[in-house]
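Overview (structure and organization)
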Amino acid sequence: MIDPAAMAATHARAFAEQGRGWRAEEFAALLASAHVIAAGDADAFAVLRVVADEAEVLTVATDPARQRQGRARAALAAALAEATARGARRAFLEVAEDNAPARRFYAAEGFAQTGRRSGYYRRAGAAVDAVLMARAL
């Protein structure tokens, strides 16, 4: 299991521009659930929740110093493989519309836009839409 404090530190660095890194306590609570899968390591990881036949991608984070090495791709692939082994047939996620690198990453991994949540994220007083994406497993 990946250390929740290390996950929080990586998440904070990865999402510094969005100002929304998760705390160690949040990661610890997620990891305590039998429905949650964490794959990767402290520098790059994917966290999914599997319920029935669906897998929700909760977060994918890579330390900025380790980006562009395929680490997030490998972590997501491992987590999706485990979700499939647990019976998931579909994966879905939401990503901020203004996070173009993440949207490109997910599209390259086979996710397609399925919807939008208007004004879902708050950024320094501004509202940013959430783009909903999904793919078959």
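Everything here concerns the structure above.
Presented here is a report on the structure given in the accompanying data block. These numbers come from a predicted model, not from an experiment.

Some points on the overall build of the protein chain
For the protein chain, the helix and strand inventory stands at four helices and six strands. Each helix and strand of the protein chain, placed in order from N terminus to C terminus, yields the pattern α-α-β-β-β-α-β-α-β-β. Its C-alpha atoms give the protein chain a radius of gyration of 14 Å, within 12% of the compact-globule value 14 Å for 137 residues. Projecting the C-alpha coordinates of the protein chain onto the three principal axes gives extents of approximately 40 × 35 × 30 Å. Here the protein chain, with 137 residues, has 41% of them falling under the buried criterion. Contacts in the protein chain between residues at least 24 apart in sequence constitute 58% of all its contacts with a sequence separation of at least 6. For the protein chain, the computed accessible surface area is about 7200 Å², with 50% contributed by carbon and sulfur atoms. Averaged over its 18 positive side-chain charges, the protein chain has a centre that lies 4 Å from the centre of its 16 negative ones.

Some thoughts on the sheet that holds strand E1 (residues 36-41)
On the basis of which strands lie adjacent, the open sheet formed by six strands has the order E1-E2-E3-E4-E6-E5 and mixed pairing. Both outer strands of the open sheet, E1 and strand E5 (112-123), are each paired with one neighbouring strand and no more. Each strand of the sheet is rotated relative to its neighbour by a mean of 25 degrees, with strand direction disregarded. With respect to the sheet, helix H1 (residues 4-14) is in contact with E1, strand E2 (44-51) and strand E3 (54-62), its orientation differing from that of E3 by roughly 75 degrees. In the packing of helix H2 (residues 24-31) onto the sheet, contacts are made with E1, E2 and E3, and the angle to E2 comes to roughly 45 degrees.

How each quantity is defined
Residues numbered from 1 in each chain as written. Predicted model: local features only at pLDDT ≥ 70, side-chain atom pairs only at ≥ 80, totals over all residues. Heavy atoms only, no water. Helix = DSSP H or I, 4+ residues; strand = E, 2+ residues; numbered from the N terminus. Rg over C-alpha atoms; globule rule 2.2 N^0.38 Å. Buried < 20%, exposed > 50% of the residue type's maximum accessible area, 1.4 Å probe, protein only. Contact = heavy atoms within 4.5 Å. Areas by Shrake-Rupley, 256 points an atom, 1.4 Å probe, with all protein chains shown as cover. Lys, Arg positive; Asp, Glu negative; His and termini not counted. Charge placed at Lys NZ, Arg CZ, Asp CG, Glu CD. Pairing = 2+ DSSP bridges. Axes fitted to C-alpha atoms, helices over the stretch in contact; angles between N-to-C directions.

Distances and angles like these do not, on their own, reveal function.
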